[in-house]
Amino acid sequence: MIFEKRTERIIVPIFFILALFVPLFLDANSFFVNKVSTIIIMSIFVMSLDFLVGRVGLITLGHALFYGLGGYLFVILSPEYEVVNFWVYTFYICIISALIALVIGVVVLRTTGIYFIMITLAISQMAFYYFFDSLKYGGDDGLYIYMTPETSIFGLSFLNLDDPQHFYYLALFSLFNTLVFFKVVLRSRFGRIVEATKQNPDRTEALGYNIFAFRLTCYVIGSTLGAYAGFLFALQYGFVNPSFLAWEMSGTALVMSILGGLGTIYGAILGTFTYEGLQYFFEHLTEEWLLFMGSAIILMVILLRKGIAGYLEKLLEK
C-alpha cells in the first residue's frame with residue numbers, strides 16, 4: 001500500500017471523492033470552478049517543492065524558476081495561431097525542463113545550506129529580470145496563448161480545455177497522479193536512500209551511495225513537476241508573464257508547504273487550500289487583509305508545529 005499512515009488513507013480518499021463533485025455543485029458559477037482549479041494546480045507546485053524541501057532537504061527559494069519556464073516554454077515552442085496537441089507539448093516541456101534542471105542542478109548542488117538557498121534565488125531572479133526586460137518575450141506584460149491545445153489521443157478527444165469543468169478534471173487528475181508518483185518514489189529503494197541522504201549523509205556516503213547523484217535526480221524530478229504546474233496555470237488563464245518566476249512565488253509555496261506539514265507530501269494539498277481559502281476570505285473582508293493574513297499564518301505556525309497534516313496525524317494515528 002502506497003499510503004503508509006492511517007491519516008493518509010482517510011484524508012486522501014475523502015479529499016479526492018469530494019473534489020470529484022465540486023464542478024457539479026458549482027456548475028452555475030464558473031468563477032469558483034476556475035478558482036478551485038487554480039488551487040489544485042498550485043497544490044501540484046507546492047507538492048513538488050515539499051518533496052525537495054521536506055524529503056530531500058534542499059531548501060530552495062528559486063523553485064518558481066521552473067513554474068515560469070513551464071508557461072514560457074509552451075508559448076515559445078508552439079506556433080502562435082495553430083492548435084497543438086496537449087500531450088505532445090506536455091512531453092516537450094517536461095523533457096526540456098528536466099534538461100534545464102539537470103544543468104542548473106549540477107551547479108547549485110555543489111553548495112549546501114544557506115549558500116544553496118542564495119544561489120537558487122539568484123538564478124531564479126536572473127531569469128525573472130531576463131524575461132522582464134525582454135521585448136521579444138513581452139517584457140512585463142508577458143506572452144499570450146491564443147490557441148488552446150487539443151487533447152486527442154489516436155483521434156479520440158475526451159477533454160475540451162476551453163471548458164472550465166473539463167480543465168478542472170485535468171488538473172485534479174494531474175494532482176492525483178503527482179501524489180501517487182511521489183508516494184511510489186518514496187516507498188521505493190530509491191526513496192529510502194534519499195531519506196537516508198537527508199537524515200545522515202555521511203553514513204549514506206560511507207555505504208557507497210553517490211549522494212550528489214541522488215540529490216540531482218530528485219532536483220530534476222521536483223523541478224520538472226513544478227514546470228508542469230506552471231504550464232497548466234498558463235493554459236488556464238491564457239498568458240504567462242515574469243511574475244511566474246518571482247521569488248515571492250517560491251516563498252508563498254514554501255509557506256503553504258510548511259502550513260500543510262513539511263515533508264508529508266499530501267500536506268501540500270491541505271496547506272495550499274488553507275492558505276488560498278484564508279486569503280480569499282480576508283480579501284473580501286477588509287482592505288487591510290494582509291495584516292489579518294499574516295496574523296493567521298503566524299498563529300497557525302505557533303499552534304501547529306508540524307503543520308495541518310501533523311495535527312491530523314496526532315489525532316488519527318492512535
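- Under an unreviewed UniProt entry, the name given to the chain is Branched-chain amino acid ABC transporter permease, and the source organism is Marinobacter sp. MMG032.
- Looking at the chain in UniProt, the text filed under Subcellular location (unreviewed entry) is "Cell inner membrane".

1. Some remarks on the overall build of the chain
At step 1: The helix and strand inventory of the chain stands at 13 helices and two strands.
At step 2: Its C-alpha atoms give the chain a radius of gyration of 19 Å, near enough to 20 Å, the size a compact globule of 318 residues would have.
At step 3: The principal-axis extents of the C-alpha atoms in the chain amount to approximately 55 × 45 × 40 Å.
At step 4: Taken across its 318 residues, the chain has 50% of its residues classed as buried.
At step 5: For the chain, contacts bridging at least 24 residues in sequence account for 78% of all contacts bridging at least 6.
At step 6: On the chain, roughly 15700 Å² of surface is accessible, and the fraction owed to carbon and sulfur atoms is 67%.
At step 7: Taking the average location of the 18 positive side-chain charges in the chain and that of its 22 negative ones, the two points are 19 Å from each other.

2. Some remarks on the layout of surface pockets
At step 1: In this structure, the largest pocket spans a volume of roughly 450 Å³.
At step 2: Lining of the largest pocket is provided by 19 residues; of these, Thr 38, Met 42, Phe 233, Met 249 and Glu 276 occupy positions nearest its centre.
At step 3: The set of elements that each furnish at least two residues to the lining of the largest pocket consists of helix 2 (30-56), helix 9 (211-237), helix 10 (247-260) and helix 11 (267-283).
At step 4: Its residues assigned to classes, the lining of the largest pocket shows eleven nonpolar, five polar and three charged.
At step 5: Approximately 280 Å³ is the volume attributed to the second largest pocket.
At step 6: If you go around the second largest pocket, you meet 15 residues; those closest to its centre are Thr 90, Cys 94, Asn 177, Leu 225 and Tyr 228.

3. Digging into the nonpolar core
At step 1: If you look at the biggest cluster of nonpolar residues, it comprises 95 residues, and the most contacted ones within it are Phe 51, Leu 179 and Tyr 219.
At step 2: By residue number, the principal contributor to this core is helix 9, which donates 15 residues.

4. A closer look at empty space enclosed by the protein
Once rolled over the atoms, a probe with the size of a water molecule shows which space is left empty.
At step 1: Under the counting rule described, the total for this entry stands at two cavities of 30 Å³ or more.
At step 2: Space inside the largest cavity adds up to approximately 50 Å³.
At step 3: Taken together, Ile 11, Val 12, Phe 15, Phe 16, Leu 179, Tyr 266, Ile 269 and Leu 270 form the lining of the largest cavity.
At step 4: Mapped onto the lining of the largest cavity, the elements with two or more residues apiece are helix 1 (6-25) and helix 11.
At step 5: Here the lining of the largest cavity takes four residues from helix 1, the largest share from any one element.
At step 6: Of the volumes computed, that of the second largest cavity is approximately 30 Å³.

5. Here's the deal with the UniProt feature "transmembrane region" (unreviewed entry) in the chain
At step 1: Here the UniProt feature "transmembrane region" (unreviewed entry) sits at residues 7-26, 89-109, 114-132, 167-186, 207-234, 254-278 and 290-312.
At step 2: Secondary structure within residues 89-109 divides into 95% helix and 0% strand; the distance between the first and last C-alpha atoms comes to 29 Å.
At step 3: Spanning residues 114-132, this segment combines 100% helix with 0% strand, and its end C-alpha atoms are found 27 Å apart.

6. Points about the pattern of salt bridges
At step 1: Applying the stated criterion to the full structure yields four salt bridges.
At step 2: Note that Lys 5 is salt-bridged to Glu 313, the shortest N-O span being 3.2 Å. Of this pair, Lys 5 sits in the segment before helix 1 while Glu 313 sits in helix 13 (residues 307-316), and the two are 308 residues apart along the sequence.
At step 3: What makes Lys 5 partly exposed here is its relative accessible area of 36%.
At step 4: Its relative accessible area of 13% is what places Glu 313 among the buried residues.
At step 5: Notably, a salt bridge pairs Lys 35 with Glu 276, separated by 3.8 Å at the nearest N-O pair. Of this pair, Lys 35 sits in helix 2 while Glu 276 sits in helix 11; the two residues are 241 residues apart in sequence, bridging distant segments of the chain.

7. A closer look at the packing of helix 11 against helix 12 (residues 289-303)
At step 1: Orientation of helix 11 relative to helix 12, taken along the N-to-C sense of each, is 145°, at an axis distance of 9 Å. Along this stretch, helix 11 crosses helix 12, giving a crossing that reads as right-handed. Of helix 12, the residues touching helix 11 (which contributes Thr 274, Tyr 275, Leu 278, Gln 279, Phe 282 and Glu 283) are Trp 289, Phe 292, Met 293, Ala 296, Ile 297 and Met 300.
At step 2: Its residues assigned to classes, the contact of helix 11 with helix 12 shows nine nonpolar, two polar and one charged.

8. Observations concerning the side chain of Thr 178
At step 1: When you line up the elements, Thr 178 lands in helix 6 (residues 164-187).
At step 2: A distance of 2.7 Å separates a polar side-chain atom of Thr 178 from the backbone oxygen of Ser 174.
At step 3: Setting aside residues up to four positions removed in sequence, Thr 178 forms contacts with Ile 44, Met 47 and Leu 225.

Cut-offs used in this document
- Residues numbered from 1 in each chain as written.
- Predicted model: local features only at pLDDT ≥ 70, side-chain atom pairs only at ≥ 80, totals over all residues.
- Heavy atoms only, no water.
- UniProt positions renumbered as here; feature names shortened; annotations may be inferred.
- Helix = DSSP H or I, 4+ residues; strand = E, 2+ residues; numbered from the N terminus.
- Rg over C-alpha atoms; globule rule 2.2 N^0.38 Å.
- Buried < 20%, exposed > 50% of the residue type's maximum accessible area, 1.4 Å probe, protein only.
- Contact = heavy atoms within 4.5 Å.
- Areas by Shrake-Rupley, 256 points an atom, 1.4 Å probe, with all protein chains shown as cover.
- Lys, Arg positive; Asp, Glu negative; His and termini not counted.
- Charge placed at Lys NZ, Arg CZ, Asp CG, Glu CD.
- 1 Å grid on protein atoms, 1.4 Å probe; cavity = no way out; pocket = protein on both sides within 12 Å on 5 of 7 lines; lining within 4 Å.
- Points joined across faces, edges and corners; volume = space filled by probe spheres on them.
- Nonpolar A, V, L, I, M, F, W, Y, C, P; charged D, E, K, R; others polar.
- Core = buried A, V, L, I, M, F, W, Y, C linked by side-chain atoms within 4.5 Å.
- Salt bridge = Lys/Arg side-chain N within 4 Å of Asp/Glu carboxyl O.
- Axes fitted to C-alpha atoms, helices over the stretch in contact; angles between N-to-C directions.
- Left-handed = near helix turned anticlockwise from the far one by under 90°.
- Polar contact = N/O pair within 3.5 Å; in protein donor to acceptor, adjacent residues only side chain to side chain.

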